[in-house]
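Residues per chain, in single letters:
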Amino acid sequence: MNALGLTQIGLILLCTTTISSLQCNHLPLQQRKVIKKSLQLLDKMGKNFPRQCLREKMSFRFPEQVLKPRQKEIVKVTIEEIFQHIFYIFSKNLTLAAWDGTALEQFQNGLYQQIEQLEACIIKKQTHYFQSKEVNRLKLKKYFQKIDCFLKDKQHNLCSWEISRAEMRRCLQLIDKVIRKLNN
Amino acid sequence: MIPYCIAQIGPPEIELQSTNGVIKIKISPPEAKMWINPLNFKYNLVIWENSSNAELRSLNIFPTDIIDDLAPDTTYCLKVQATIPLDLKEGLFSPIRCVKTTRKVNDLVCATNVSVFALNMKFHLHWNNQYKQHVSYNVQYLMGYLKKLHDDYSVKWLSVPRCENITDTQCNFSSIIIGTSGFYYLRVQTMNEYNKSCLSDEVKVDPLITNEIGPPDVKLDISDVLLHIQISPPGGSESEVMRDHYDLSYRILYWKNSSNNEEEIKMKEIKQTIGTVSDLTPSTLYCVKVQAFSEFYNKSSHYSKEECIKTPGDKILPLIILATFVTALIAVCLVATTLVFVLYQAYNKIKYVFFPSCQPPLNIEHFGAQLFSSPFLSTTEEVIENCSIIETIITEEVNQVDFKDCKHSKQSSRDSGNYSNDDDTSGSKVSEETVEKEIV
C-alpha cells in the first residue's frame, strides 16, 4: 500500500471525518443559512410562475405537525429528512423545466452538503430519535410521494415543475420559521 | 404494525470492473417500492484479500466509485450492504464477489501530490510532476452532489476556467467556488504530445473547511484612559463571505512593552470589530496583536503584526497643572480686585454720608432756623413784574394763556426771565388787574 493509496482511502472517508469535526451545536445556525441560500437559488432558477399553469395547481397539504414536536433533536432530524426528499425530487429529469442550470446545481450541492453534515452529527450522537412519532414521518413520506407521483403523471412537464418548485418554496419558508422559533 | 419500520433492506446489486490496478464498482439500490427515496441509502463496502488471515476493511462508498489502494495482481473479495443512517437501519449484504486486480500501467506519469492551499477564500491547486516531459495540464472539477446520484458522473467533470492546457503546476480555482454551496472534487489531467492523458487522484474541497483564515489588520488609537483597537476583518473584499459564514470572533492579546520582559499578557475576546482596553498606566508602551477565529469551524488565523502605542504621560501632565494653576490664579485675582473695589466704594459712600469731611462755613451755620425770614429771598411783588401783557388786541384765548402763565410764575420764587417787562410796565399793570378780576 503506497502513500497515494492511503490518501485515496482518506479521500473516501473524508466525507464523515471532516464533517464530524464540526460542532453539532451550531447546526441550527448553519441550517438557517442554507435555507436562506436555497430560497434565493430557487427564485433565481426560473422566472415568475407562468399564468397558464394556474389551472393545474394542486394542493399538496404539507403536514405541518411534523415540525411541531417540542424536542429540538426530533425537529432537527425531521428537517434533515425534508432536505433529503427535496434533494431527491430535484434530481429527476429537469430538461422540460428549462431552468438556470448553475442555480440548480448550486441548490442541489448546498442541500447535499447540509444533509451530510446533519447525518454525521446524528450518527455521532447515536441515539434513537424515532421511538415516537413514526406516524409523522410516514405523513412526510406520503406528502413527498404525492409530489413525485404528480410529476410522473404530468411527465415532468414545465407546469408540473413550476408547481413543485412553488411548493418546495413554501416548504422551506415553513422550515425557516420553525428554526427561527427554535433558536429564540 | 408499520411496514416501513419492520421491513428489512435487501441486498444491492453490484457490478465490478478491474482495470489498471483498481476496482471500479457500480451499485444499484435494493429494489423495493417501500424505499421511496433511494438516495437515502449509504453503501458500506467490506473488502479483504483472498488469503488466510486477511484483514477485513470496511469503507463507505458512493454508488459509483473506485477502490484503488490495492496491491496489483491480487485477488480481493468484497460484499456491499445498503444502510439508512437516519433510521440506523442496516440492510442485507450482497453475495460475496471476488476479483483479481491487474498490473498498473503508467506510460505517462500523472500529476502527484495534488494539494489545495486556500487563504481568505482564494483557492489554489498545486501538484508535482517528477518527469518534466513536454506535458500540459487540464484541471477539472466536479460538484460534490453528483457522486451521490446513481447516474454516471464521469462525463460531468468540467474544466476550471484559465486552467486548461497550462504548463504551470498550479491553478487558481477561486472562480468556481461559489460562496458556500457545497463541496467540490478536483483532479489534474496530464496530456503529453501524443495526446495520451492520465488522471491524477481526486482532492475533495469543502470551501469553508479547507479555507484558512488570514490575520486581520489592526489600528490603534488612544484617548486619555482608553485604548481603542480597530480591527479590519481578514479577506478584504471577500471578507463578507467569510464574515457571514464563519461567524468570526477576534482574540486580542495586549501587554506592556517594558524592558522588564515579564509583563503579563492579557487576553480579550470580542465579536465586534472595535475593542477597547481600559485601566491603562500612563506613559507606558502598550503592544497589541489580534487573531480572528471561528468557533463553529474550529479555525483560527495567525496573529496580526504587533502594533504598539504609548499612553500619554508626565510630559503633558505638568503643563496641564500649570495651566490650571495660572487660570485659577487669574480668576482669584479678578474676584479679589472686584471685591476690594466694591468694598472701597461702599466705605467711601458710608463715610461721605455719615461722616462728612467738609464742614459748612460758620456764618451759614446759624441760618438754619431763620431760613424763611431771610431778606434775600424773592417776594411776590417781583413775580407780578414777570408778567406782562405784550399785545392788548389779541383774542381772549391768548390773554387767558398769558394769565395762566402769570399764575404759574407767581408760585415760583425765581425769576424765569421768559417774559420781559422792562419797556411798558405801568399801563400793563392796570389793565392786567382788571382782567384778572373778571376771570376770577
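Residues numbered from 1 in each chain as written. Chains lettered and ligands numbered in written order. Predicted model: local features only at pLDDT ≥ 70, side-chain atom pairs only at ≥ 80, totals over all residues. Heavy atoms only, no water.

Engineer: With reference to specific residues and values, describe the overall build of chain A.
Structural biologist: A tally of regular secondary structure across chain A gives 6 helices and 0 strands. When the elements of chain A are put in sequence order from the N terminus, they spell out α-α-α-α-α-α. Taking all 184 residues of chain A together, the buried fraction comes to 54%. Looking at chain A alone, contacts between residues at least 24 apart form 85% of all its contacts between residues at least 6 apart. By element, 53% of the accessible surface of chain A is carried by carbon and sulfur atoms, the whole surface being about 9,100 Å². (Helix = DSSP H or I, 4+ residues; strand = E, 2+ residues; numbered from the N terminus. Buried < 20%, exposed > 50% of the residue type's maximum accessible area, 1.4 Å probe, protein only. Contact = heavy atoms within 4.5 Å. Areas by Shrake-Rupley, 256 points an atom, 1.4 Å probe, with all protein chains shown as cover.)

Engineer: A description of the overall build of chain B should follow, citing residues and the corresponding values.
Structural biologist: The secondary structure content of chain B amounts to 8 helices and 24 strands. The burial tally for chain B puts 37% of its 440 residues in the buried class. Pairs at least 24 residues apart make up 64% of the contacts formed inside chain B by residues separated by at least 6 positions. Carbon and sulfur atoms form 55% of the exposed surface of chain B, whose accessible area is close to 27,400 Å².

Engineer: Run through the sheet that holds strand E2 (residues 22-28) of chain B, naming residues and quoting values.
Structural biologist: All names here are of chain B. Taken together, the 3 strands give an open sheet; going across it, the order is E1-E2-E5, and neighbouring strands pair in antiparallel fashion. A strand with exactly one partner marks an edge of an open sheet, and here the two such strands are strand E1 (13-19) and strand E5 (64-67). Put simply, the sheet's adjacent strands are angled 20° from each other on average, direction ignored. Bridge count between E2 and E5: 4 bridges; the pairing is antiparallel. When the bridges of E5 are listed, Ile-23 appears paired with Ile-67. (Pairing = 2+ DSSP bridges. Axes fitted to C-alpha atoms, helices over the stretch in contact; angles between N-to-C directions.)

Engineer: Which residues make up the nonpolar core, and what values do they have?
Structural biologist: Leu-67, Phe-90 and Phe-144 of chain A together with Leu-125, Trp-127, Phe-173 and Ile-229 of chain B are the most contacted members of the largest nonpolar core, which has 105 residues in total. Those residues in contact with Leu-125 of chain B, other than ones at most four positions away along the chain, are Val-114, Ser-115, Val-116, Val-139, Thr-169, Gln-170, Cys-171, Phe-173, Leu-186 and Val-188 of chain B. Among the nonpolar cores identified, the runner-up in size contains 19 residues, and Ile-9, Leu-45, Tyr-76 and Val-80 of chain B belong to it. (Core = buried A, V, L, I, M, F, W, Y, C linked by side-chain atoms within 4.5 Å.)

Engineer: With reference to specific residues and values, describe the state of the cysteines.
Structural biologist: In the structure shown here, the tally under the stated rule is 5 disulfides over all chains. Disulfide partner of Cys-53 of chain A: Cys-159 of chain A, at an S-S distance of 1.9 Å. Disulfide Cys-53 of chain A-Cys-159 of chain A: the torsion about the S-S bond is -75°, which places it as left-handed. Taken as a pair, Cys-53 of chain A in the loop between helix H2 (27-45) and helix H3 (72-89) and Cys-159 of chain A in helix H6 (residues 158-183) lie far apart in primary sequence, 106 residues in all. Cys-287 of chain B shares a disulfide with Cys-308 of chain B; S-S distance 1.8 Å. Its torsion about the S-S bond being 105°, the disulfide of Cys-287 of chain B and Cys-308 of chain B is classed as right-handed. (Disulfide = S-S within 2.5 Å.)

Engineer: Go over a nonpolar patch on the surface with me, naming the residues and quoting the values.
Structural biologist: A cluster of nonpolar side chains, Leu-322, Phe-325, Val-326, Leu-329, Ile-330, Leu-334 and Val-335 of chain B, forms an exposed patch at the surface whose accessible area comes to about 680 Å². Examined against the element boundaries, Phe-325 of chain B turns out to sit in helix H4 (residues 316-354). (Patch = residues over 30% accessible without salt bridge, like charges linked within 9 Å, V, L, I, M, F, W, Y side chains within 5 Å. Salt bridge = Lys/Arg side-chain N within 4 Å of Asp/Glu carboxyl O.)

Engineer: A description of the environment of Asn-192 of chain B should follow, citing residues and the corresponding values.
Structural biologist: All names here are of chain B. Note that Asn-192 resides in strand E14 (residues 184-192). Residues Asn-192 and Gly-91 lie 101 residues apart in sequence; the distance between their C-alpha atoms is 46 Å. Separated by 3.0 Å, the side chain of Asn-192 and the backbone nitrogen of Lys-196 make a polar contact. (Polar contact = N/O pair within 3.5 Å; in protein donor to acceptor, adjacent residues only side chain to side chain.)

Engineer: Describe the packing of H2 of chain A against H6 of chain A, listing the residues and the values that go with them.
Structural biologist: Residue and element names in this part refer to chain A. Close contact between H2 and H6 brings their axes to 10 Å; oriented N to C, the two are set at 155°. Between H2 and H6, the interaxial angle falls into the category roughly antiparallel. In this structure, the crossing between H2 and H6 has a hand that is left-handed. Side by side, H2 and H6 meet where Pro-28, Gln-31, Arg-32, Ile-35, Ser-38, Leu-39, Leu-42, Asp-43 and Met-45 of the first sit next to Arg-165, Met-168, Arg-169, Leu-172, Gln-173, Ile-175, Asp-176, Ile-179, Arg-180 and Asn-183 of the second. For the contact of H2 with H6, the per-class residue count stands at 9 nonpolar, 4 polar and 6 charged. (Parallel < 35°, antiparallel > 145°, perpendicular 65-115°, else oblique. Left-handed = near helix turned anticlockwise from the far one by under 90°. Nonpolar A, V, L, I, M, F, W, Y, C, P; charged D, E, K, R; others polar.)

Engineer: Mind laying out the confidence of the model for chain A, listing which residues take part and the relevant values?
Structural biologist: All names here are of chain A. Taken as a whole, chain A shows an average pLDDT of 80; of its residues, 82% reach a score of 70 or greater. The weakest mean pLDDT in chain A belongs to helix H1 (residues 3-20) at 47; the strongest belongs to H6 at 90. Under a pLDDT of 50 for its full length, residues 8-21 has, in the predicted model, 26 contacts with residues more than four places off or in other chains. (pLDDT = per-residue confidence, 0-100.)

Engineer: Report on the environment of Ser-249 of chain B, specifying residues and quantitative values.
Structural biologist: Residues and elements named next belong to chain B. Mapped onto the elements of the fold, Ser-249 is located in strand E19 (residues 249-256). Taking C-alpha positions, Ser-249 is 7.3 Å from Gln-272, a pair spaced 23 residues apart along the chain. Non-local contacts of Ser-249, meaning those with residues more than four positions away in its chain, are made with Ile-270, Lys-271, Gln-291, Ala-292 and Phe-293.

Engineer: With reference to specific residues and values, describe the pattern of salt bridges.
Structural biologist: According to the stated counting rule, one finds 18 salt bridges over all chains in the structure shown. Arg-137 of chain A is the salt-bridge partner of Glu-81 of chain A, the closest N and O atoms lying 2.6 Å from each other. Highlighted residues: Glu-81 of chain A in helix H3 and Arg-137 of chain A in helix H5 (residues 134-153), separated in sequence by 56 residues. The exposure class assigned to Glu-81 of chain A is buried, which follows from its relative accessible area of 2%. The class of Arg-137 of chain A is buried, set by a relative accessible area of 9%. Salt-bridge contacts for Arg-103 of chain B lead to Asp-73 of chain B; the nearest nitrogen and oxygen are separated by 3.0 Å.

Engineer: An account of the pairing of strand E11 (residues 135-143) of chain B is needed here, citing residue identities and associated values.
Structural biologist: Residue and element names in this part refer to chain B. In terms of burial, E11 is a largely internal element, 9 of the 9 residues being buried. The alternating pattern of E11 places Val-135, Tyr-137, Val-139, Tyr-141 and Met-143 and Ser-136, Asn-138, Gln-140 and Leu-142 on opposite faces, both of which are buried. Both E11 and E14 contribute to a ladder of 9 bridges, which runs antiparallel. The partner of Met-143 across the bridge, within E14, is Tyr-184. The pairing of E11 with strand E12 (residues 158-166) spans 4 bridges and is antiparallel. Paired with Gln-140 across the bridge in E12 is Ser-159.

Engineer: Go over the pairing of strand E21 (residues 274-277) of chain B, please, and point to the residues and values.
Structural biologist: Residue and element names in this part refer to chain B. Burial along E21 is one-sided: the face carrying Gly-275 and Val-277 is buried and the face carrying Ile-274 and Thr-276 is not. Two strands pair when backbone bridges link them, and strand E18 (residues 227-232) and E21 are joined in this way by 4 bridges, in the antiparallel orientation. For His-228, the partnering residue across the bridge sits in E21 and is Thr-276.

Engineer: Give a description of the sheet that holds E18 of chain B that names residues and reports values.
Structural biologist: Residue and element names in this part refer to chain B. Here we have 3 strands laid out as an open sheet, ordered E17-E18-E21, and antiparallel in their pairing. In this open sheet, the two strands that pair with only one neighbour each are strand E17 (217-222) and E21. Put simply, the sheet's adjacent strands are angled 20° from each other on average, direction ignored.

Engineer: An account of the confidence of the model for chain B is needed here, citing residue identities and associated values.
Structural biologist: All names here are of chain B. Across chain B, the average pLDDT comes to 81, with 76% of residues at 70 or higher. Within the model, the stretch residues 396-440 combines pLDDT values under 50 with 31 contacts to residues more than four positions away or in other chains. Across the interfaces of the predicted complex, the ipTM metric reaches 0.81, alongside a pTM of 0.71.

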